[in-house]
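# Coordinates in review
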Amino acid sequence: MRTRSSRLRPLGVALAAMAALITLPLTHTPANAAETPLSQGKTATASSEENYGTTAAGAVDGDTGTRWSSAAADDQWLQVDLGATASVTRVVLNWEAAYGKDYKVQISEDGTGWTDLKSVTGGDGGIDTLDVSGQGRYVRMLGVHRATQYGYSLWEFQVFGGTSGSQPTCGTANAARGKPASASSTENAGTPASAAFDGRTSTRWSSQATDPQWLRVDLGSVQDLCAVDLNWEAAYGKDFQIQTSSDGQTWSTLKSVTGATGGTASYDVSGSGRYVRIYGTARGTGYGYSLWEVAVHTGSTGVPPIQGGGDLGPNVIVVDPSTPNLQQKFDDVFAQQESAQFGTGRYQFLLKPGTYNGINAQIGFYTSISGLGPNPDDTQINGDVTVDAGWFNGNATQNSWRSAENLAIKPSNGTDRWAVAQAAPFRRIHVQGGLDLAPNGYGWASGGYIADSKIDGTVGPYSQQQWYTRDSSVGGWSNGVWNMTFSGVQGAPATNFDSGPYTTLDTTPVSREKPFLYLDGSTYKVFVPSKRTNARGVSWPANAGTSLPLDQFYVVKPGATAATINAALAQGLNLLFTPGVYHLDQTIDVTRAGTVVLGLGLATLVPDGGVDAMHVADVDGVRLAGFLIDAGPVNSDTLLRIGTPGATADHSANPTTMQDVFVRIGGAGPGLATNSVVVNSNNAIIDHTWIWRADHGSGVGWETNRADYGLRVNGNDVLATGLFVEHFNKYDVYWNGERGRTIFFQNEKAYDAPNAAAVTHDGITGYAAYKVADSVTTHEAWGLGSYCNYTADPSIVQAHGFQVPTGSGIKMHDLLVISLGGMGQYAHVVNSTGAPTSGTSTVPSKVTSFP
């Protein structure tokens, strides 16, 4: 990562500037020094942060020794969430030496639409005290022009005023009238659930004559609930509850009623939800429950509901074949991102359907390119989509965090170059020619992943150490180094692992392609593919699945808070993260079955203060795809948790999927997490992930970026296809669920283990890269590799790469271990089976079948 050693200059100037501030007249400071700003200690976010020591929180902590600073670019912002609507009267900006010359102070109710409170031009730094007048929950400084070549930097950003006095009001309209209704039972066809919500007192719902029974209505979106009116027929409920839910599965009680006597009654309630249910536990007569009408009233809190849809934000670049200077757009982003391995820039190119001639789209870090047609051939590039390794002297082992998807390429010289490492998916691509997976000059390469793609010509891995290809078609595959694994690939080479690198499965047992954004005419939609069983070859153009309009998604843009994201989820919206870095002060909770969480341009989630980044409930069919979780400097217990602990539900018909979701601990700065990913849900599919404890970059050290476990699987019947997990302090993968399956696994043990004692446990030297718990009776895996590179202590001899129980249900196929240049060794491959590695020749030790 580019460091700014010249930052010493601003620090020196800043000290002088602070001394100068002491002599400023008192009128240039807040009138009441004892007054606590509304902003102090509140959640702050920013368009960018110079580094992990200058986060947005540093500008609202009340400490003039800490600060926020941005990237060295204009159009940067800092915003604070006041937590509630406030009347803002004054904003004070305490600038560091890198100040804003021209900027705006803006206010917003929802963090999306902004109103100018004050525009400043020709500012001279120091402390700016601005008298303003406006109401809102969010306040931000929007920089227009910097005064120096550095970014914007604020010691403190203070917002003063008072909280709003507005009170919620309860509406008189019936929000339930005419809405979809259902019930536990109906007495007969003439008393359906819908009759209680049709606005007529001459029709009714009635149930069977048993307890308990329920009647529910779907309001269509999450709403604030303030009152429920019940008009009982003679067969009334004596004891019942009024309940609400955001997903129709998990219910909370708004009101418990006992000893009711029927008739008409109105109940004040307080809560929110999409579904309202009357849950009867004791009838007042010998008949069932019967209601003429149910009315639901909603309140207004002064905060409008979160809207779905809208524009895709500043870092999504949408183009068509007629876009002026199109090649320059690709070149400009590449120039910024080519070597920005741990930078904050995030970009997504979206190509409208059509034919693009003479284009070479070079793809750098945190850059994605995707076609917007329903099928790859709708977006035709007569040219190239290129990844090479010129920035790293021809070494492609660090070409991570980028992607290409849903387009066709006719390479200019017949062969396209895609020289990548981990976390660089190549999905849903039609290459009308060959594909070269090695860098120019055939330097080292450490990839990679292809899925749902058709390569008409030959794929040449050359120097690629390992690769996984799923549900695709290739015209040929020329060679390989250590571990080339295929499942469901037409044209794949036959298995030859005893003498070569290939492991080939004819089909993939269960798969489902990643959701993707596309254009239906001029309307954006997200296509959500269906599950496939025993798949072979590409899923298109048949395209089985469903389309979701963009207005069913909260389009998350930089600056959005975790509270707003969770509120959108509670309303029943899906999430589309646009490119950016999102700091989270609370866990994102995904609780609704079928929720789609899709990222563009490697959108990055950073948990702050030790929170977990994301929890997914134990529900059907959640789709997580296309984003990066970057551990924060305070230890998180679990960065991503799928399913609640102890989950037992069967999700085989509609499993939760995790696709192109990457996890990083350290590298961009110190990061800490006990567990990176924990899967508790049964039947989950993990389709391509790189879970990486950093071995280089910033904030790297045995304890500095400590992370004990990469992936822990507790759910049963979980399938992993394309599993990359590296460098963890203890087990990289710990599999505790029954009937688990893995197709392709790539691992390196932690480089920085200080000595053998640090990794010795239970009398064993070294934690296995892939450990199946002793209690497991059924497990199967294919194409697994573990490498050691113990640079801190090359004398370490790891007992084995893989540790599994023995028994008829345990089947391990095609395993290898490698010592990279003799920096440490393995005594065995799996348990006590397999020859030891030795010397510096990087020759694999293999076991083709165990036990």
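The structure displayed is predicted, hence computed values, not measured ones. (Residues numbered from 1 in each chain as written. Predicted model: local features only at pLDDT ≥ 70, side-chain atom pairs only at ≥ 80, totals over all residues. Heavy atoms only, no water.)

## So, the overall build of the protein chain
Counting its secondary structure elements, the protein chain contains three helices and 57 strands. The globule rule puts the C-alpha radius of gyration for 851 residues at 29 Å, and the 29 Å found for the protein chain is close to it. With respect to the three principal axes, the spread of C-alpha positions in the protein chain is 85 × 80 × 60 Å. By the burial criterion, 59% of the 851 residues in the protein chain qualify as buried. Pairs at least 24 residues apart make up 67% of the contacts formed inside the protein chain by residues separated by at least 6 positions. Element-wise, carbon and sulfur atoms account for 49% of the exposed surface of the protein chain, whose accessible area totals about 29,600 Å². Within the protein chain, the 73 negative side-chain charges are centred at a point lying 3 Å from the centre of the 54 positive side-chain charges. (Helix = DSSP H or I, 4+ residues; strand = E, 2+ residues; numbered from the N terminus. Rg over C-alpha atoms; globule rule 2.2 N^0.38 Å. Buried < 20%, exposed > 50% of the residue type's maximum accessible area, 1.4 Å probe, protein only. Contact = heavy atoms within 4.5 Å. Areas by Shrake-Rupley, 256 points an atom, 1.4 Å probe, with all protein chains shown as cover. Lys, Arg positive; Asp, Glu negative; His and termini not counted. Charge placed at Lys NZ, Arg CZ, Asp CG, Glu CD.)

## Regarding the packing of aromatic side chains
Applying the stated criterion to the full structure yields 32 aromatic pairs. Pairing Phe516 with Tyr518 gives two aromatic rings, centres 6.1 Å apart and planes at 55°, and the pair type is tilted. Of the residues examined, Tyr518 reaches a relative accessible area of 8% and is grouped as buried. Pairwise contacts between aromatic rings join Phe342, Phe365, Tyr366, Trp391, Phe392, Trp401, Trp690 and Trp692 into one cluster. Over the aromatic face of Tyr366 sits the side chain of Arg346, whose NZ or CZ is 3.8 Å from the ring centroid. One Lys or Arg, Arg712, reaches over the ring of Tyr734 and ends 5.3 Å from the middle of that ring. (Phe/Tyr/Trp six-rings, centres within 6.5 Å; stacked < 30°, edge-to-face > 60°. Lys NZ or Arg CZ within 6 Å of the ring centre and 35° of its normal.)

## Structural notes on empty space enclosed by the protein
As enumerated under the stated definition, the model contains six cavities of 30 Å³ or more in all. The space that makes up the largest cavity amounts to roughly 190 Å³. Together, 21 residues line the largest cavity, and Gln348, Ser370, Glu405, Lys514 and Gly599 are the ones closest to its centre. Elements represented by at least two residues in the lining of the largest cavity include exactly strand 17 (347–351), strand 19 (367–371), strand 21 (402–410), strand 31 (516–520), strand 39 (596–607) and strand 43 (657–665). (1 Å grid on protein atoms, 1.4 Å probe; cavity = no way out; pocket = protein on both sides within 12 Å on 5 of 7 lines; lining within 4 Å. Points joined across faces, edges and corners; volume = space filled by probe spheres on them.)

## Examining the sheet that holds strand 56 (residues 825–830)
If you walk across this open sheet you meet the nine strands as 38-40-42-44-46-48-52-54-56, and the pairing is parallel. Strand pairing shows two members of the sheet lacking a second neighbour, strand 38 (588–590) and strand 56, which therefore form its edges. Looking at each pair of strands side by side, their axes are set apart by 25° on average, direction ignored. By the bridge criterion, two bridges tie strand 52 (residues 770–772) to strand 54 (residues 797–803) in an arrangement that is parallel. Looking at strand 54, one finds that Lys771 is bridged to Gln803. (Pairing = 2+ DSSP bridges. Axes fitted to C-alpha atoms, helices over the stretch in contact; angles between N-to-C directions.)

## Let's talk about helix 3 (residues 562–570)
Residues of helix 3 that are buried: Ala562, Thr564, Ile565, Asn566, Ala568 and Leu569. On its buried side, helix 3 packs onto strand 6 (127–146), strand 35 (553–556), strand 36 (574–577), strand 37 (581–584) and strand 38. Backbone geometry just downstream of helix 3 places Gly572 in the positive-phi region, at approximately 95°.

## Observations concerning the pattern of salt bridges
Counting across every chain of the model gives 30 salt bridges. Between Asp116 and Lys104 there is a salt bridge, with its nearest N and O atoms 3.7 Å apart. Linking Asp116 in strand 5 (residues 115–120) with Lys104 in strand 4 (residues 100–108), this pair joins segments that are 12 residues apart in sequence. Judged by its relative accessible area of 40%, Asp116 is partly exposed. As a salt-bridge pair, Arg427 and Glu513 come within 3.8 Å of each other at their nearest N and O atoms. (Salt bridge = Lys/Arg side-chain N within 4 Å of Asp/Glu carboxyl O.)

## Examining the state of the cysteines
Two cysteines, two sulfur atoms, one covalent bond between them: this is a disulfide. Inspection of the entire model under this criterion finds one disulfide. Between the sulfur atoms of Cys170 and its disulfide mate Cys226 the distance is 2.0 Å. An S-S torsion of about 80° defines the bridge between Cys170 and Cys226 as right-handed. Note that Cys170 is positioned in strand 8 (residues 169–170) and Cys226 in strand 11 (residues 213–232), a separation of 56 residues in sequence. (Disulfide = S-S within 2.5 Å.)

## Describing the nonpolar core
Judged by nonpolar contacts, the single largest core of 82 residues is most densely connected at Phe577, Ile588, Met614, Leu624 and Tyr770. Setting aside residues no more than four positions away along its own chain, Tyr770 makes contact with Val733, Trp735, Thr742, Phe745, His779, Ala781, Leu784, Gly801, Phe802, Gln803 and Met812. Of all hydrophobic cores here, the second largest spans 37 residues; its members include Tyr356, Ile381, Phe426 and Tyr502. (Core = buried A, V, L, I, M, F, W, Y, C linked by side-chain atoms within 4.5 Å.)

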